[in-house]
Amino acid sequence: MTPGAASSLLRAALLQMDFDIMNTRLIIADDHPVVRLGLRAILERQGDYRIVGEVDSPESLAFALERTPADLLITDFAMPCTTSPDGHAMLSMIRRRYPALPVALFTMFNNIPSLRIAMQLGIRAIIDKSAPMDLIPDALRDVRAGSTYISQSLRHAMEMDVPGLPCSGVALSPKEMEVLRLYVSGSSVTQIAAQLGRTVSTISRQRSMAMDKLGLATEAELFAYAYEHGLVPAPRLPMTAEVAHLRLPAHVQVENVTFCRACELASDS
């Protein structure tokens, strides 16, 4: 192949990539209306994305994904939910049902072991909400191109791997982390078993194995670890008066059609 022909093929490939990105159908999932409005504004201003869904919970996200095709999802890690408070459970559901869908996390959640497990579940990008908003289009472009993106503020910690430290959590499996997060969020072993469709003995074993791997001997140590390392979400602060008027009712919006929460489907059985 001549240099000229190779150059032409490269230009054609880049043009095709730009065309694909400009036609990207995107779903935004976040329980804060101001965050959704901000994401919509910056992405629509780019002219590269078409927002086909806007949702505020794992339940409404499941509803939207079942009803409208999407090429990319940008979602918070932890959103209020009537069926499960666990972000890993939501990500697992998405990966099972939509294995080819690229997913980017846009979150203030910075527990490194949990974020590592999110990457194991197929997350393609982790974008820190405290990072400049103008970095978001570049992050999503990397995702659409098949690359992985991690915000600079999290990258060093995500790349570190220090075996043997109890707080690293590297050895925890997604199921163990899921059980641990549900347990420290207030669910009993019996409730977790019923919710996840496992036996009580399995849940007890997974909780014990997780505690052993983390070097935790008592429940007091477990709860102290959970709060210290962000396994239990911090209480949400009220919105300031300047943005309170922007609060919208709980809803799921798909291609400009809004459905009430009573019509939503559970995220998983």
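What you see is a predicted model; the values in this text were computed from it and never measured.

S.K.: Explain the nonpolar core here, please?
M.R.: One recurring pattern in soluble globular proteins: nonpolar side chains tend to sit buried together. In this structure, Leu-61, Leu-73, Leu-91, Ile-94, Leu-105 and Leu-115 are the most contacted members of the largest nonpolar core, which totals 48 residues. No other element matches helix H8 (residues 174-184), which puts six residues into this core. Residues in contact with Leu-91, not counting those within four places in the same chain, are Phe-77, Leu-105, Ala-118, Leu-121 and Ile-123. By size, the runner-up hydrophobic cluster in this structure holds 19 residues, among which are Leu-26, Ile-51, Ala-125 and Leu-140.

S.K.: Is there a simple way to explain the packing of helix H2 (residues 33-46) against helix H6 (residues 136-144) in this structure?
M.R.: Relative placement of two packed helices is described by the angle separating their axes and the distance separating the axes. At a minimum axis separation of 10 Å, H2 and H6 run at an interaxial angle of 70°. On the basis of their axis angle, the class for H2 and H6 is roughly perpendicular. Every pair of crossing elements has a handedness; the one defined by H2 and H6 is right-handed. In this structure, H2 uses Leu-39, Ile-42, Leu-43 and Gln-46 to contact H6, whose residues at the interface are Ile-136, Pro-137 and Leu-140. Residues that form the contact of H2 with H6 fall into these classes: six nonpolar, one polar and no charged.

S.K.: Looking at this model, I keep getting lost on the confidence of the model for the chain. Mind explaining?
M.R.: Across the chain, pLDDT averages 75, with 69% of residues at or above 70. Predicted confidence in the chain is weakest over helix H12 (residues 241-244), with a mean pLDDT of 36, and strongest over strand E3 (residues 72-75), with 96. Confidence drops under pLDDT 50 across residues 161-170; counting only partners more than four residues distant or on other chains, this segment forms 13 contacts.

Quick notes on the rules
Residues numbered from 1 in each chain as written. Predicted model: local features only at pLDDT ≥ 70, side-chain atom pairs only at ≥ 80, totals over all residues. Heavy atoms only, no water. Core = buried A, V, L, I, M, F, W, Y, C linked by side-chain atoms within 4.5 Å. Buried < 20%, exposed > 50% of the residue type's maximum accessible area, 1.4 Å probe, protein only. Helix = DSSP H or I, 4+ residues; strand = E, 2+ residues; numbered from the N terminus. Contact = heavy atoms within 4.5 Å. Axes fitted to C-alpha atoms, helices over the stretch in contact; angles between N-to-C directions. Parallel < 35°, antiparallel > 145°, perpendicular 65-115°, else oblique. Left-handed = near helix turned anticlockwise from the far one by under 90°. Nonpolar A, V, L, I, M, F, W, Y, C, P; charged D, E, K, R; others polar. pLDDT = per-residue confidence, 0-100.

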